[in-house]
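# Topology and contacts: notes
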Amino acid sequence: MDSADFDALEERARQKLSPGAYAFAAGGADDEITLADNVAAWRRLRLRPRMLRDITAIDTSVSVLGERLAMPLMVAPTGRHRLFHPEGERATARGAAAAGVPYVMATASTVSIEDVAAERGAAPAGVSAPQWFQLYLPPERSVTEGLIDRVAAAGFRAIVLTVDQPVYGSSPRSARTPLAPSPDIRAVNLPGQPVAAHSYGAAHSGTVTFPATWRDLEWLVARSPIDVLVKGVLRADDARRCVNLGAKAIIVSNHGGRHLDATVSTADALPGIAAAIGSRAEVYVDGGIRRGTDIVKALALGARAVLIGRPCVWGLATGGADGVRDVFAHLRAELARTMALCGVAKLDEVTRDLVA
Ligand SMILES: Cc1cc2nc3c(=O)[nH]c(=O)nc-3n(C[C@H](O)[C@H](O)[C@H](O)COP(=O)(O)O)c2cc1C
């Protein structure tokens, strides 16, 4: 990939994918206000760079939940990768490992947990590329317990509970260009569950899918043998309560604007949540992050790392595992350049005052 932004990559993906698969990935809920605002909110922020610092050795590594990562980036959980590439989540997992970033596998994956686990392990020397599992809580406890035990046995290091999709949102864009996947492209890790074949369109909007409550989070933290993180938090009071119940990290996210429209952007939600949590847990953020400058802004506002959603899908669609790896190589190069121009050699020098 050259230094052009991800718009060109998205355009190449659009040409390759079926109209329904492209709309499924690109679209957002209702009027797509949040979808657009996530990108715009990072762009609105301005940097206040430091001068005359020694930036001859730039280090983009960071520790996350006790593991050293090559860069403060991760693959956000996105479902149904066989819509985008024949190898599906296997390719995504391999690309993430090659880049040295964590892969957050989605519950709604089209490849089995064990097959994704088999792609782990190719991380560059000196860094880890752990796998985490994004969990939706199906109403039946036995199904959830089966998933928890499978992912822990397969070596996943954390469970990321997504809490912002109790019902499906509605995407007019997807409704106009419905998905018609072959029946074998389904959520294979939820066999027999009605949601296994659901897509993101008019037919299911408003359907109650994963109605987790605080009691379920409490149960999950007690039941899970691995760390529990919570994704989809937009308020400081919710974030505090998650941490009080034992969450090890909070992911500030509005699901890429896919379910509830007109939410606060993640750039705007992040500072208040980071301030409320302090050092009691780690805070990550996703939504609209497309540039090295966006990453530095997110870290300055209190995130320890950021997750990348749609650009990974475009990389997967255009280049499989290599395409995913290249997305992170591109972002890392932009991050290193931004750090140098801001006068920071290490990420712990990225402090709040770097954003005006
Ligand atoms: C095609 C697609 C599928 C997604 N599926 C899930 C999912 O299954 N679980 C989840 O927690 N988030 C899901 N998300 C949301 C992402 O994890 C992430 O929050 C969002 O994409 C970040 O915004 P960005 O795409 O602007 O980077 C999905 C996003 C996309 C684009």
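Further up the page is the structure itself.
From a predicted model like this one, the values you see are computed outputs, not experimental measurements.

### Thoughts on the pairing of strand S10 (residues 305–308)
- A two-sided burial pattern is seen for S10, the buried positions comprising Ala 305 and Leu 307 on one face and Val 306 and Ile 308 on the other.
- Both strand S3 (residues 73–75) and S10 contribute to a ladder of three bridges, which runs parallel. Residue pairing in the sheet places Val 75 in a bridge with Ile 308 of S10.
- Bridge count between strand S9 (residues 282–286) and S10: three bridges; the pairing is parallel. The residue of S10 that forms the bridge with Val 285 is Val 306.
- On the question of chirality, the crossover connecting S9 to the parallel S10 by way of helix H11 (residues 292–300) is right-handed.

### Examining the nonpolar core
- With 106 residues, the main nonpolar core has Phe 84, Tyr 284 and Phe 328 as its most contacted residues.
- Sort the elements by how many residues they give to this core and helix H12 (residues 310–342) lands first, with 13 residues.

### Topic: the site of the ligand
- In the region of the ligand, 21 residues are neighbours, and Pro 77, Thr 162, Asp 286, Gly 288 and Arg 290 sit closest.
- Residue Gln 134 places a side-chain N or O atom 3.3 Å away from a nitrogen atom belonging to the ligand.
- In the environment of the ligand, an oxygen atom lies 2.7 Å from a nitrogen or oxygen atom belonging to the side chain of Asp 286.
- Bound to the protein, the ligand loses 97% of the 600 Å² it would expose on its own.
- The residue inventory of the shell around the ligand, partitioned by class, reads six nonpolar, 10 polar and five charged.

### Things to note about the pairing of strand S6 (residues 158–162)
- Within S6, five of the five residues are buried, which leaves it mostly tucked inside the rest of the structure.
- Burial along S6 is two-sided: the residues Ala 158, Val 160 and Thr 162 and Ile 159 and Leu 161 are all buried.
- Taken together, the four bridges between strand S5 (residues 131–135) and S6 define a ladder with parallel strand orientation. Note on S6: the bridge partner recorded for Gln 134 is Val 160.
- After leaving S5, the chain enters helix H6 (residues 141–153) and then returns to the sheet as S6, a path that is right-handed.
- Where S6 meets strand S7 (residues 227–233), five bridges bridge the pair, whose relative direction is parallel. Bridge pairing in S7 links Val 160 to Leu 229.

Procedures and definitions
Residues numbered from 1 in each chain as written. Predicted model: local features only at pLDDT ≥ 70, side-chain atom pairs only at ≥ 80, totals over all residues. Heavy atoms only, no water. Buried < 20%, exposed > 50% of the residue type's maximum accessible area, 1.4 Å probe, protein only. Helix = DSSP H or I, 4+ residues; strand = E, 2+ residues; numbered from the N terminus. Pairing = 2+ DSSP bridges. Right-handed = clockwise from strand over helix to strand, strands pointing away. Core = buried A, V, L, I, M, F, W, Y, C linked by side-chain atoms within 4.5 Å. Near = heavy atom within 4 Å. Polar contact = N/O pair within 3.5 Å; in protein donor to acceptor, adjacent residues only side chain to side chain. Areas by Shrake-Rupley, 256 points an atom, 1.4 Å probe, with all protein chains shown as cover. Nonpolar A, V, L, I, M, F, W, Y, C, P; charged D, E, K, R; others polar.

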